[in-house]
Amino acid sequence: MPLHGAMGGLHLSGSTEKIIPETVADLKRFGLGVLAPGHCTGWRAMSVLAREFGDELVPSAVGKRYLF
């Protein structure tokens with residue numbers, strides 16, 4: 001079954017920043033229609049995700065609503 005999207009904090013800041021390239025590459029393999037990372041993903045990871053996912057990236061925030 002295909003995976004349409006992923007939502008939530010990816011916790012890619014601080015000591016886990018070193019796995020940003022691997023994480024982004026692995027997420028790309030899913031062919032996601034929507035990726036909604038939370039604030040705890042970290043700004044460095046968000047920058048890479050924005051570059052790699054383009055329009056599929058929808059930054060998440062508390063109280064944000066999604067309609068699928």
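In the block above lies the structure referred to throughout.
Computed from a predicted model, the values in this text were never measured in an experiment.

(A) View of the environment of His11. As for its placement among the helices and strands, His11 is situated in the loop between strand E1 (5-8) and helix H1 (20-28). Sequence-wise, His11 and Cys40 are 29 residues apart; in three dimensions their C-alpha atoms are separated by 5.2 Å. Here His11 is in contact with Thr16, Cys40 and Thr41, once residues within four sequence places are set aside.

(B) Expanded view of the pairing of strand E2 (residues 34-37). Side-chain alternation along E2 places Val34 and Ala36 on one buried face and Leu35 and Pro37 on a second face that is also buried. The pairing of E1 with E2 spans four bridges and is parallel. What sits directly across from Ala6, in E2, is Leu35. For the crossover from E1 across H1 to E2, the handedness is right-handed.

(C) Region of the structure containing the environment of Met7. You can see Met7 is positioned in strand E1. Through-space distance from the C-alpha of Met7 to that of Pro59 is 9.1 Å; in sequence the pair is 52 residues apart.

Parameters and conventions
- Residues numbered from 1 in each chain as written.
- Predicted model: local features only at pLDDT ≥ 70, side-chain atom pairs only at ≥ 80, totals over all residues.
- Heavy atoms only, no water.
- Helix = DSSP H or I, 4+ residues; strand = E, 2+ residues; numbered from the N terminus.
- Contact = heavy atoms within 4.5 Å.
- Buried < 20%, exposed > 50% of the residue type's maximum accessible area, 1.4 Å probe, protein only.
- Pairing = 2+ DSSP bridges.
- Right-handed = clockwise from strand over helix to strand, strands pointing away.

Purely geometric numbers; function is a separate question.
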